[in-house]
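Residues per chain are reported as follows:
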Amino acid sequence: MFNLSLTYINMVKMNVTPKGPCEWPHLFKPDTHFGTPGNFNITLTLPLEEAKTIMAQVDEVIEKDESMHDKKSRGSIPYKVEGDFVKIRFKQKAEIRMKDGSTRVPSIAVVDANLQPVDSTVSIGNGSIVKVSYNTRPWGPKPPNAGCSLDLVAVQVIDLKEYANTGFEAVEGGFAVDSVKPINEETKEEVTEEEGDF
């Protein structure tokens, strides 16, 4: 099947991050926490040294935005330094209004380690190791503050950690349900596997 997103990526040279663990990926369905239509997004954590190239790109775009539009202040930046690591936020609007008034609905290309397309039935969870393809974009003349967005284009999933919405992690040596034998409520005796099926 013809994949327009993958074809576009092959035609245009994109910025690609080093691999790292991701958080809260919204790649197939927009994140509408702050309203509709929302946006596609993903947060990538990289060691500080590996993130410096991306940080420098962002800072350069912001400086150009300041000088070109005579802006006196800066808005929020799409990265946050936390000790020896940097969290980097990539986003793409779920709907983009074009100059002619029409609306474009983008999709995020997601591929596996072998560059095969990944569909929306795969639940990509926190801790999955990924690379992110992105573009840098200045905020332009309208916003009063200078800024840079990291527009999300595609994601390569290198090591999948499927999403499980429990909030827990396994605790070695703790309670395990298969270590408990069911009890017959009438006799108060342990039930064998054969008796406990039905």
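Predicted, not measured: the structure shown is a model, and the values here were computed from it.

Draft legend 1. A look at the overall build of the protein. Across its full length, the protein holds 3 helices and 10 strands. Secondary structure elements of the protein occur, N-terminal to C-terminal, as α-β-β-β-α-β-β-β-β-β-β-β-α. Contacts spanning at least 24 positions in sequence make up 68% of the contacts within the protein whose residues lie at least 6 apart.

Draft legend 2. Region of interest: the packing of aromatic side chains. Evaluation of the coordinates by the stated rule reveals 1 aromatic pair. An angle of 50° between the planes, with centres 5.3 Å apart, marks the rings of Phe 90 and Tyr 134 as tilted. Of this pair, Phe 90 sits in strand E5 (residues 85–93) while Tyr 134 sits in strand E9 (residues 129–138), and the two are 44 residues apart along the sequence. Of the two residues, Phe 90 and Tyr 134, both sit in the buried class.

Draft legend 3. Geometry of helix H2 (residues 48–69). In this model H2 runs 30 Å from its N-terminal to its C-terminal C-alpha over 22 residues, within 8% of the 32 Å that 1.5 Å per residue would give. In the structure, H2 departs most strongly from a straight axis at Ile 54, where the bend amounts to approximately 30°. Residues of H2 that are buried make contact with strand E1 (15–16), strand E3 (39–47), strand E4 (79–82), E5, E9 and strand E10 (148–159). At the C-terminal side of H2, Asp 70 shows a positive phi close to 50°.

Draft legend 4. Structural view of the pattern of salt bridges. The tally for this structure, following the rule as stated, stands at 9 salt bridges. The partner of Lys 71 in a salt bridge is Asp 65, with the nearest N and O atoms 3.2 Å apart. No difference in accessibility class separates Lys 71 from Asp 65, as the two residues are buried. Among the ionic pairs, Glu 66 bridges to Arg 74, the shortest N-O distance being 2.9 Å. Of the residues examined, Arg 74 reaches a relative accessible area of 40% and is grouped as partly exposed.

Draft legend 5. Layout of the nonpolar core. Of all hydrophobic cores here, the largest spans 30 residues; its most connected members are Ile 42, Ile 88, Phe 90 and Leu 152. The residues contacting Ile 88, other than those within four sequence positions of it, are Ile 42, Thr 43, Leu 44, Leu 46, Ala 51, Ile 54, Pro 78, Tyr 79 and Leu 150.

Draft legend 6. Structural context of the pairing of E4. The pairing of E4 with E5 spans 4 bridges and is classified as antiparallel. What sits directly across from Lys 80, in E5, is Lys 87. Taking the residues between adjacent antiparallel strands as the criterion, E4 and E5 are bridged by 2 residues, where Gly 83 takes a positive phi near 65°.

Draft legend 7. Fine view of unusual backbone geometry. Here the amide bond leading from Thr 36 into Pro 37 is cis, since omega sits at 5°, within 30 degrees of zero. Mapped onto the fold, Pro 37 is located in the loop between strand E2 (20–31) and E3. The phi dihedral of Trp 24 is positive, around 45°, even though this residue is not glycine. Within the element layout of this structure, Trp 24 appears in strand E2. Judged by relative accessible area, which is 49%, Trp 24 ranks as partly exposed.

Draft legend 8. Focus on the environment of Gly 20. Note that Gly 20 resides in strand E2. Taking the C-alpha atoms as reference points, Gly 20 and Ile 158, 138 residues apart in sequence, are found 9.2 Å from one another.

Draft legend 9. A look at the environment of Pro 18. If you trace the backbone, Pro 18 turns up in the loop between E1 and E2. Pro 18 has contacts with Leu 44, Leu 46, Glu 50, Ile 54, Val 130 and Lys 131, leaving out every residue within four places of it along the chain.

Rules behind the numbers
Residues numbered from 1 in each chain as written. Predicted model: local features only at pLDDT ≥ 70, side-chain atom pairs only at ≥ 80, totals over all residues. Heavy atoms only, no water. Helix = DSSP H or I, 4+ residues; strand = E, 2+ residues; numbered from the N terminus. Contact = heavy atoms within 4.5 Å. Phe/Tyr/Trp six-rings, centres within 6.5 Å; stacked < 30°, edge-to-face > 60°. Buried < 20%, exposed > 50% of the residue type's maximum accessible area, 1.4 Å probe, protein only. Expected span 1.5 Å × (residues − 1). Bend = angle between axes of the 7 residues up to and from the residue. Salt bridge = Lys/Arg side-chain N within 4 Å of Asp/Glu carboxyl O. Core = buried A, V, L, I, M, F, W, Y, C linked by side-chain atoms within 4.5 Å. Pairing = 2+ DSSP bridges.

That's the geometry; what it means functionally is another story.
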